[in-house]
Amino acid sequence: MSSGWKDCQVGDVITLQRGFDIVKKQLQPGIYDVIFSSGIGGTHNDFKVKAPGVVIGRKGTLGTVFFTKKDFWPTDTTLWVKDFHGNDEKFAYYFLQTMHLEQLDCGAANPTLNRNHIHTLPVRYPPLPIQRKIAAILSGYDRLIENNTRRIEILEEMARSLYREWFVKFRFPGHEQVQMVDSELGLIPEGWEVGRLDDALILQRGFDLPTQQRKGGNIPIYASTGVTGTHNEAKVKAPGVVTGRSGSLGTVIYIDEDFWPLNTTLWVKEFRRVTPLYAFYLLSDLKLEQYNSGAAVPTLNRNDIHGRPVVIPPQQILEQLNLFVEPLLVLKKNLLKRSDNLRQTRDLLLPRLISGEIDVENLDINTEEIAA
């Protein structure tokens, strides 16, 4: 370990403060992020703390750590760093991530952190120049991940815009030569049809798979909220489309690998007259959450939406959609893999850098853009 590290208590290097009371119904339209224990929960027209800031979950969701570059409002479910004591803000953000603060729960019914308990924890803290070097290294990984995330968002928006242009506004390739005709859904291009959703595709309830029966493997298990684990057996061949059936409604996921859809989902069992890609955008566009038929638990009944009238385009237009969108999905998948690799590397480096196991004192590192 390099020289200059000091043994101290958390309260010697940062001072934590409880956040400020506010509930979501009190939020007014504005530009300032409101941070709850689980993350940003909205915006407001006022702020309480000047940036940069570090916030941790105090109540409910414990130990989560957030860094913000904008003035913000930390709610009373959080603790925020009131005083960095001259230390680097971004380093404090990474340092707190390694402390496993969720283990300090002192709540009875509701998980809770006490800042006074945190302040007395013994730590080993590096001098400011080393703090900045460590923060610069870890920030570099986070910037790359953020860049990939933005590129993925752009790719997704490009694909959705293409769907809306072709199949909502009917400005598909060659539309100038096609007449518009009346239908029960309004004007549609000649040669296109209106049918029931179950003319286009068939939805099926997913399969039971209790947690204790799940075996390690590389087959993703999909619940209504997304991937919830892996198994060694697939129930459905790719490509596939699933949507939330119970609990979380309205999510629609396109899957390009064999998978297991749980009983909290509906999956497309049969693509009758549409491609999987078109089925994904069509179901996304239907806003399925509005078909909730559950009392206590939000529930989607496939029979309620199978009768919904939808536009069924000609096959050649659907094939053209595949030609345009599939390369975008390949790029997206590659970016997701890169981000996963970056996260794994960052997470391996994080504790070793913070503890001083990896010595950065003599490394030539640009520390000017730590908070970028």
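Placed above this text is the structure.
Okay, so let's go over this structure. Bear in mind the structure is a predicted one, so any value in this text is a computation, not a measurement.

A word on the sheet that holds strand β14 (residues 219-223)
The strand order across the open sheet built from three strands is β15-β14-β18, with neighbouring strands paired in mixed fashion. Edge positions in the sheet fall to β15 (226-231) and β18 (260-261), since each has one partner strand and no second. As defined by bridge partners, β14 adjoins β15 across five bridges and the pair is classed as antiparallel. Each residue of the ladder has a partner; that of Pro220, found in β15, is Thr230.

Some details on the packing of aromatic side chains
Aromatic ring pairs are described here by two measures, namely the spacing of the ring centres and the angle between the planes. Counted under the stated rule, the structure contains 22 aromatic pairs. On the numbers, 5.8 Å between centres and 50° between planes, the contact of Tyr163 with Tyr278 is tilted. You can see Tyr163 sitting in helix α4 (residues 128-167) and its partner Tyr278 sitting in helix α6 (residues 276-285), a full 115 residues away along the chain. Judged on exposure class, the residue Tyr163 and its partner Tyr278 are both buried. For the ring pair Phe207 and Trp267, a centre distance of 5.8 Å and an interplane angle of 35° mean the geometry is tilted. Residue Phe207 is located in the loop between β13 (201-205) and β14, and its partner Trp267 is located in strand β19 (residues 265-271); the two are separated by 60 residues in the primary sequence. The class of Trp267 is buried, set by a relative accessible area of 8%. Members of the aromatic cluster, each reached through a chain of ring pairs, are Tyr163, Trp166, Phe167, Phe170, Phe172, Trp192, Tyr254, Tyr278, Phe280, Tyr281 and Phe324. In this structure, Lys48 is placed above the aromatic ring of Phe20, and the distance from its NZ or CZ to the ring centre is 5.3 Å. The ring of Phe207 has Lys235 sitting right over it, with the charged end atom 4.9 Å from the ring centre.

Definitions and limits used
- Residues numbered from 1 in each chain as written.
- Predicted model: local features only at pLDDT ≥ 70, side-chain atom pairs only at ≥ 80, totals over all residues.
- Heavy atoms only, no water.
- Pairing = 2+ DSSP bridges.
- Helix = DSSP H or I, 4+ residues; strand = E, 2+ residues; numbered from the N terminus.
- Phe/Tyr/Trp six-rings, centres within 6.5 Å; stacked < 30°, edge-to-face > 60°.
- Buried < 20%, exposed > 50% of the residue type's maximum accessible area, 1.4 Å probe, protein only.
- Lys NZ or Arg CZ within 6 Å of the ring centre and 35° of its normal.

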